Each structure stands twice: as structure tokens, then as C-alpha cells.
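Structural characterization, general
Now for the letters of each chain:
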Amino acid sequence: MSTEERRQLWVEEPTARRRMAEPVRTAAVRAVLIAAVTLIQAMVAFFCTVAGSWLAFPMVLSSVAGTVVATWAVLDVWVTRQVWNQRHGVVSEPSSTARRLRRERRRARKAARAAAREGGGKSARTARIADPAAAAATAKTGGAPEAAGSPGSAGSRLPHTATRGAGTLSGAV
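Because the structure is a prediction, the values reported are computed rather than measured.

1. Thoughts on the overall build of the protein chain
Along its length, the protein chain carries five helices and zero strands. When the helices and strands of the protein chain are read in sequence order from the N terminus, they spell out α-α-α-α-α. Taken as a whole, the protein chain presents about 14,700 Å² of accessible surface, with 62% of it coming from carbon and sulfur.

2. Structural notes on helix α2 (residues 56-88)
Between its first and last C-alpha atoms α2 spans 47 Å; for 33 residues at 1.5 Å apiece the expected length is 48 Å, and the two agree. Within α2, the full set of buried residues consists of Ala56, Met59, Ser63, Gly66, Ala70, Ala73, Val77 and Thr80. If you follow the buried residues of α2, they end up packed against α1 (22-51). One or two residues past the end of α2 sits Gly89, with phi positive at roughly 80°.

3. Comments concerning the side chain of Ser63
Summarising the element assignment, Ser63 is placed in helix α2. Every residue in contact with Ser63, bar those within four places of it in the chain, is listed here: Thr38, Gln41, Ala42 and Ala45.

4. Things to note about the pattern of salt bridges
One pass over the full model with this rule turns up two salt bridges. Across the pair Arg25 and Glu22 runs a salt bridge, and its minimum N-O distance is 2.5 Å. On the criterion of helical spacing, the pair formed by Arg25 and Glu22 is a turn pair, its members being three residues apart in helix α1. Residue class for Glu22 comes out partly exposed when judged on its relative accessible area of 48%. Here Asp76 and Arg30 are joined by a salt bridge, their closest N and O atoms 2.9 Å apart. Here the residue Asp76 occupies a position in helix α2, and Arg30 occupies one in helix α1, the gap between them amounting to 46 residues. The class of Asp76 is partly exposed, set by a relative accessible area of 25%.

5. Quick notes on the nonpolar core
By size, the foremost hydrophobic cluster in this structure holds five residues: Ala27, Ala28, Ala31, Ala73 and Val77. For this core, the secondary-structure elements that each account for two or more residues are α1 and α2. With residues up to four places along the chain from it excluded, the contact list for Ala73 reads Ala31 and Ile34.

6. Digging into the environment of Asn85
Locating Asn85 in the fold gives a position in helix α2. Given the relative accessible area of 24%, Asn85 is considered partly exposed. When the C-alpha atoms of Asn85 and Ala21 are compared, they prove to be 9.3 Å apart, with 64 residues separating the residues in sequence.

7. Focus on a positive patch on the surface
Side chains of Arg102, Arg105, Arg106, Arg107, Arg109, Lys110, Arg113 and Arg117 sit close together on the surface and give a patch of like positive charge. Within the fold, Arg106 resides in helix α3 (residues 97-119). Arg106 sits in the partly exposed class, given a relative accessible area of 47%.

8. Here's the deal with the side chain of Thr80
Within the secondary structure layout, Thr80 lies in helix α2. Classification of Thr80 by relative accessible area gives buried; the value is 17%.

9. Focus on α1
Compared with an ideal rise of 1.5 Å per residue, which puts 30 residues at 44 Å, α1 spans 44 Å between its outermost C-alpha atoms and is within 8% of the ideal. For α1, the full list of buried residues reads Val24, Ala27, Ala28, Ala31, Thr38, Ala45 and Cys48. Looking at the buried residues of α1, the elements they touch are α2. Phi for Gly52, located one or two positions after α1, is positive at around 75°.

Reading guide: rules and limits
Residues numbered from 1 in each chain as written. Predicted model: local features only at pLDDT ≥ 70, side-chain atom pairs only at ≥ 80, totals over all residues. Heavy atoms only, no water. Helix = DSSP H or I, 4+ residues; strand = E, 2+ residues; numbered from the N terminus. Areas by Shrake-Rupley, 256 points an atom, 1.4 Å probe, with all protein chains shown as cover. Expected span 1.5 Å × (residues − 1). Buried < 20%, exposed > 50% of the residue type's maximum accessible area, 1.4 Å probe, protein only. Contact = heavy atoms within 4.5 Å. Salt bridge = Lys/Arg side-chain N within 4 Å of Asp/Glu carboxyl O. Core = buried A, V, L, I, M, F, W, Y, C linked by side-chain atoms within 4.5 Å. Patch = residues over 30% accessible without salt bridge, like charges linked within 9 Å, V, L, I, M, F, W, Y side chains within 5 Å. Lys, Arg positive; Asp, Glu negative; His and termini not counted. Charge placed at Lys NZ, Arg CZ, Asp CG, Glu CD.

Here is the structure:
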């Protein structure tokens with residue numbers, strides 16, 4: 001058998017998942033190494049405690065410190081991954097239902113504005129309300145129709161006095 005007929009020892013196969021970004025991989029390796037050292041410290045502290053050695057107390061203290069550092073390292077992996085995704089972008093396809101609904105509402109508003117411009121005599125409020133159900137909801141509330149989850153609507157769990165971004169439900173700013 002010649003060398004061309006033999007199979008190669010190492011064959012690259014395409015994977016379903018992409019490789020981790022370099023900074024994320026570096027942070028992950030660092031976190032694994034720190035976690036491994038912390039586990040070794042904890043085992044040494046346990047065995048020193050069982051044996052009654054003087055080294056038990058310092059090892060317990062270093063194990064506690066190692067646990068804090070290991071937790072920090074794991075959070076570093078998470079934050080590095082989030083920052084990488086934010087800076088270098090993640091492919092987003094407009095396939096969600098929310099985007100589709102927003103797009104439909106935007107088209108309806110644009111069509112209503114165009115109709116109001118062409119109609120001349122219609123008010124903007126009349127042009128905004130296209131369906132009878134929305135007109136009935138507007139008549140009940142005495143104003144613009146409210147979304148199901150907006151503060152003050154029937155489907156809302158928040159009290160009517162909730163203010164957006166104020167951090168309080170009392171409405172006092």
C-alpha cells in the first residue's frame with residue numbers, strides 16, 4: 001500500500017459550533033486552573049485538619065481566598081464573553097415575533113399618517129385608529145389606546161402610578 005492510499009492520521013472535520021474567541025478561551029483556561037488549585041488547597045486543608053497539623057488553619061484561610069478568586073475568574077469568563085459578543089457582533093436575524101409585530105405596527109402608523117396627509121380633513125387621532133376594537137378601547141379610556149402590558153392598562157400588574165426608570169412604584173420622583 002502506498003502512502004496516498006492510506007488514510008490520514010489526522011482529519012479535520014467541520015464542527016457545528018464555532019471556536020471560542022481568543023480572550024474568552026484565555027479567561028476560561030485561567031478560571032479552570034484557578035479552580036483546580038483551589039480544590040487542591042481545599043483537599044490539603046481537609047487532610048491537615050484531620051491530621052491535626054499546624055498547617056490546617058493557614059490552608060483553610062487560603063482555600064477561602066482561593067474560592068473567592070475562583071468565583072471572580074468564572075465571572076471574568078462570563079463578562080469577557082458578553083463583551084466579545086457586544087463588540088464583535090452576533091449575527092441577528094429578524095425572525096422573532098416581536099420584531100414582526102413592531103414592523104406591522106410601524107407600517108400601519110406610516111399608512112395612517114399618509115392617509116391623514118392625503119385626506120386633509122381627518123384629524124390625526126381619527127387616522128391613527130384603524131379598527132373598531134381600538135376605537136372602542138379609546139372611547140372607554142378617554143385617550144389613546146393602551147397596550148396590554150403598559151402601566152395603567154387592565155392587563156398590567158403594576159399600579160397606575162408606576163413611573164418608568166424612576167425605580168419606585170409610588171410615582172414620587
